[in-house]
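Residue-level listing of the chains:
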Amino acid sequence: MGMKRFYFYLLAMAIGLGSFAQSETKPEKVYSLVKQRRTTEWYRIQAELWKKEIDKNQQNVDAWHNYYRAKRMLKIYKEGVTQKDLDSIVSTMSTAIPNTFEYHYISFYNSGFRNPEIDVTHLRKAQELGPDRVEIMADLMTYYEVKRNHKQLETIAQKWFASNDISTGIYSFCYNMLMSVDDNAILITYGDNDTYPCWILQYVKGIKPNVSIINASLIMQDEYRHLLFKEMGLPDLKFDTTKSDWFNTAEEKLLRHIKSNTNRPVYLAVSVHKNRYEFIKDEVYNVGLAYKWSDEKFDNIAVIKKNYEKYFLKDYITHQFQNDISQAVVDDMNSNYLVPLVTLYHHYKESEDPEQLALKSVILTIAGQVNQLEEIKKLL
């Protein structure tokens, strides 16, 4: 090919690529922020694009599903979407796509148990129409956990794990969190990604099955708290919900109730914000990916060292070999390693342990993934 022809070939390629880049943005699948992180502008664009698809075809169930999710994420980020707006979407879905998995699932998802009997009906109908749909797994696991139906919990855990829906990075983090606590411990968790994967690892992989994982939000339900505490041999606990500020003190009351009525070691997930355990800040010790609540002081650095060196999965922190849509979520979760690993690094440094160099590299990798590199460098 002569130089002139080659020049025109490159020019044509550039024009073609430019045209492709300027083509209209297409709607993409919208996930919850616990699975994938996107900008508010992205959610806004996706809401508009999926609404156009609905306008083309009112029976497009995927369009309704993604449109609702985009709007819900905008509500979470306080970007001008209200609960009334979401309710209106669901109301329109009831006419446009009744008797579909999407309508019943979104109806349940949207309500948040404002109408428990109706909500459960929607959940069961969605399960009937889409028993293997990954979207419903978290809600089914929550429902059967509240009912303490271990058989159904194991079934849902097996299905969810087999679907490959949850990132291996999230599983690895939760594995390390479980390995941070003693056998037969009680572990208090606070969110989706530090709770569901742990339950799945217990039911499917048999990892620390005798650790009781208590989600601090879920345990506020009276029925669940009564059943779980009875199963754990803890006395029942009731809250005076007639007082307007009952919820402000409920969490502290709950944690103290658990701690004072058991001989089992009690831990808090490292992912919990420090404000949540401010009232016992002098009694909690970091031991890796969990805080141990202890009345007596102990050498927690030795425990961090043991857990990191003997039990933790580590390669996933610094090496990613797949295009994981949850990588930003995993990176954010991995930032919880910084406190224990910086502590361990200084221990290595003081004892002239040659492992300090490898650990420093891991710390800097984690810090770089969450844009904290300069701050962490100052601590090393």
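Residues numbered from 1 in each chain as written. Predicted model: local features only at pLDDT ≥ 70, side-chain atom pairs only at ≥ 80, totals over all residues. Heavy atoms only, no water.

**Q** What is the right way to read the confidence of the model for the chain from this model?
**A** One rule of thumb: low pLDDT means the predicted coordinates there are not for detailed reading. Looking at the chain as a whole, its pLDDT mean stands at 92, while 93% of the residues score no less than 70. Throughout residues 3–15 the model reports pLDDT below 50, and contacts reaching past four residues in sequence, or to other chains, amount to two contacts. Within the model, pLDDT remains below 50 along residues 17–23, and this stretch shows zero contacts once partners closer than five positions in the same chain are excluded. (pLDDT = per-residue confidence, 0-100. Contact = heavy atoms within 4.5 Å.)

**Q** Got a minute to help me understand the packing of helix H16 (residues 338–350) against helix H17 (residues 355–369) in this structure?
**A** Helix-helix packing: each pair is described by the crossing angle between the helix axes and the interaxial distance. Two elements in contact, H16 and H17, have axes whose closest approach is 9 Å; the angle formed by their N-to-C orientations is 155°. Between H16 and H17, the interaxial angle falls into the category roughly antiparallel. Our pair here, H16 against H17, has a crossing hand that is left-handed. Judged by residue contacts, Leu338, Leu341, Val342, Leu344, Tyr345, Tyr348 and Lys349 of H16 engage Glu355, Gln356, Leu359, Lys360, Val362, Ile363, Ile366 and Ala367 from H17. When grouped by side-chain class, the residues that make up the contact of H16 with H17 number eleven nonpolar, one polar and three charged. (Axes fitted to C-alpha atoms, helices over the stretch in contact; angles between N-to-C directions. Helix = DSSP H or I, 4+ residues; strand = E, 2+ residues; numbered from the N terminus. Parallel < 35°, antiparallel > 145°, perpendicular 65-115°, else oblique. Left-handed = near helix turned anticlockwise from the far one by under 90°. Nonpolar A, V, L, I, M, F, W, Y, C, P; charged D, E, K, R; others polar.)

**Q** Would you explain the environment of arginine 133 in this entry?
**A** With respect to the helices, strands and loops of the structure, arginine 133 is situated in the loop between helix H6 (116–129) and helix H7 (137–147). Judged by its relative accessible area of 25%, arginine 133 is partly exposed. As a C-alpha pair, arginine 133 and tryptophan 160 span 27 residues in sequence and 8.9 Å in three-dimensional space. Reaching out from arginine 133, the side chain makes a polar contact with the side chain of glutamate 102 at a distance of 3.2 Å. (Buried < 20%, exposed > 50% of the residue type's maximum accessible area, 1.4 Å probe, protein only. Polar contact = N/O pair within 3.5 Å; in protein donor to acceptor, adjacent residues only side chain to side chain.)

**Q** Could you clarify how one ought to interpret the pairing of strand S1 (residues 186–189) in this entry?
**A** Put simply, side chains in a regular strand alternate between the two faces of the sheet. Alternating positions in S1 separate into two faces, Ile186 and Ile188 on one and Leu187 and Thr189 on the other, with burial throughout. Pairing geometry for S1 and strand S2 (residues 212–215), over four bridges, is parallel. What sits directly across from threonine 189, in S2, is asparagine 215. You can see the chain leave S1, run along helix H10 (residues 196–205) and come back into S2, and the turn it takes is right-handed. (Pairing = 2+ DSSP bridges. Right-handed = clockwise from strand over helix to strand, strands pointing away.)

**Q** I would appreciate a short explanation of helix H15 (residues 327–334) in the present structure.
**A** Side chains three or four residues apart in an α-helix point the same way, a direct result of the helix having 3.6 residues per turn. In terms of residue burial, H15 counts as a mostly covered element, since six of its eight residues are buried. All of the buried residues along H15 are Gln327, Val329, Val330, Asp331, Met333 and Asn334. Lining the buried residues of H15 we find helix H9 (168–179), helix H14 (315–318), H16 and H17.

**Q** In this structure, what is going on with the nonpolar core? I would like to understand it.
**A** One recurring pattern in soluble globular proteins: nonpolar side chains tend to sit buried together. Ranked by internal contacts, the top residues of the largest apolar core, which has 117 residues, are Met141, Phe173, Ile188, Ile258, Tyr337 and Ile363. Filtering out sequence-adjacent residues up to four positions away, phenylalanine 173 remains in contact with Val270, Leu289, Tyr316, Met333, Asn334, Asn336 and Tyr337. (Core = buried A, V, L, I, M, F, W, Y, C linked by side-chain atoms within 4.5 Å.)

**Q** Whenever I open this one, the side chain of aspartate 324 confuses me. Can you help?
**A** Summarising the element assignment, aspartate 324 is placed in the loop between H14 and H15. Put simply, aspartate 324 is tucked away with no salt bridge, and the nearest opposite charge, on lysine 35, sits 6.6 Å away. Within the structure, the side chain of aspartate 324 is placed 2.8 Å from the backbone nitrogen of serine 326, a separation counted as a polar contact. Setting aside anything within four residues of it in sequence, one finds aspartate 324 in contact with Ser167 and Val330. (Lys, Arg positive; Asp, Glu negative; His and termini not counted. Salt bridge = Lys/Arg side-chain N within 4 Å of Asp/Glu carboxyl O.)

**Q** Is there a simple way to explain the packing of H7 against H10 in this structure?
**A** Two elements in contact, H7 and H10, have axes separated by 11 Å at closest approach and are oriented at 70°. Judged by the angle between their axes, H7 and H10 are roughly perpendicular. Listed contacts from H10 to Ala138, Met141, Thr142 and Glu145 of H7 are Tyr196, Trp199 and Ile200. Its residues placed into classes, the contact of H7 with H10 shows five nonpolar, one polar and one charged.

**Q** Whenever I open this one, the sheet that holds S1 confuses me. Can you help?
**A** Two pairing modes exist for strands in a sheet, parallel and antiparallel, and in both the strands are linked by backbone hydrogen bonds. The strand order S2-S1-S3-S5-S4 describes an open sheet built from five strands, whose pairing is mixed. Among the strands making up the open sheet, the edge pair consists of S2 and strand S4 (284–286). Strand after strand, the sheet turns through a mean of 30° between neighbouring axes, direction not considered.

**Q** Whenever I open this one, the pattern of salt bridges confuses me. Can you help?
**A** Where side chains of opposite charge bring their charged atoms close, a pairing between them can arise. Evaluated as defined, the whole model comprises 24 salt bridges. In this structure, lysine 305 and glutamate 309 form a salt bridge, with 3.1 Å as the shortest nitrogen-oxygen distance. In this pair, lysine 305 and glutamate 309 both sit in helix H13 (residues 300–311), four residues apart, roughly one turn of the helix. Using a relative accessible area of 24% as the deciding quantity, one classes lysine 305 as partly exposed. We classify glutamate 309 as partly exposed; its relative accessible area is 37%. Two residues, lysine 377 and glutamate 374, come together in a salt bridge whose shortest N-O distance is 3.9 Å.

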